[in-house]
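Take a look at the letters that make up each chain.
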Amino acid sequence: MATEFYVDLNDFSEWNRQNIPQELVSTAVDGKLQIGTSRSNGNRKNTLVNLVQERYGEWQHGTFSEYMPASIEELRSSTKPYFSKWSKEAPIEFFETPVRFSWYIPVHLQKPDDEIQSQEEFQRGMIEFWNSFLEDMTPVYHGSNYPIKTWRDLMEAIIGNLLGDNKYMESSMLVEGNINLFG
């Protein structure tokens, strides 16, 4: 299940709206500017158990491996409890939380970086991008039960509070709907 997070351009003053890159404003649909999407992560341990059981004949061959983009070897490469993988060719990502957040930034606004960044550097770059025109109390809309009402709430859900706790989503290094130029 996916949950889109967005801001409404009508919530911005004319002055604040002028601070938003025009290329980003042009992606708005019905005045709604998408920030990103949250999706559930896979359970690494359960998936690994199923793939191993299939390999050793406890499940019919192809029951899981035919539909699962991750391999046994990839899933064994981390001890983090959750994972995400878009396709067999995509890189696998591991998370501490059951939910990941994929940022939305149009390709033409992404700034490529020749050096591979850490998860923390990538996340900081995404926050800085959106922070450049969203204020802490900017209303954020979504169709879920998450207790997120403002940009500050969304940031805290992704990066935690000042002490780094209480986060329940983690930022994916794959930018939603675009090729990833950041890492």
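## Side note on the packing of aromatic side chains
Going through the model one piece at a time under the given rule, you end up with nine aromatic pairs. An aromatic cluster is built from Phe-5, Phe-101, Trp-103, Tyr-146, Trp-151 and Tyr-168, whose rings are joined through pairwise contacts.

## A word on the sheet that holds strand 7 (residues 170-171)
If you walk across this open sheet you meet the four strands as 1-2-6-7, and the pairing is mixed. With one partner strand each, in any of the chains shown, strand 1 (2-8) and strand 7 form the two edges of the open sheet. With five bridges joining them, strand 2 (residues 32-40) and strand 6 (residues 99-103) adopt antiparallel strand pairing. Residue pairing across strands places Arg-39 opposite Arg-100, the latter belonging to strand 6. Across the sheet, helix 5 (residues 119-131) lies against strand 2, strand 6 and strand 7, angled at about 55° from strand 6, the strand it touches most.

## Observations regarding the packing of helix 5 against helix 6 (residues 151-159)
In the contact formed by helix 5 and helix 6, the axes pass within 12 Å of each other and the chain directions differ by 180°. When the axis of helix 5 is compared with that of helix 6, the two are roughly antiparallel. In this structure, helix 5 uses Gln-123, Ile-127, Trp-130 and Asn-131 to contact helix 6, whose residues at the interface are Trp-151, Met-155, Ile-158 and Ile-159. A breakdown of the residues in the contact of helix 5 with helix 6 according to their chemical character gives six nonpolar, two polar and no charged.

Parameters and conventions
- Residues numbered from 1 in each chain as written.
- Predicted model: local features only at pLDDT ≥ 70, side-chain atom pairs only at ≥ 80, totals over all residues.
- Heavy atoms only, no water.
- Phe/Tyr/Trp six-rings, centres within 6.5 Å; stacked < 30°, edge-to-face > 60°.
- Pairing = 2+ DSSP bridges.
- Helix = DSSP H or I, 4+ residues; strand = E, 2+ residues; numbered from the N terminus.
- Contact = heavy atoms within 4.5 Å.
- Axes fitted to C-alpha atoms, helices over the stretch in contact; angles between N-to-C directions.
- Parallel < 35°, antiparallel > 145°, perpendicular 65-115°, else oblique.
- Nonpolar A, V, L, I, M, F, W, Y, C, P; charged D, E, K, R; others polar.

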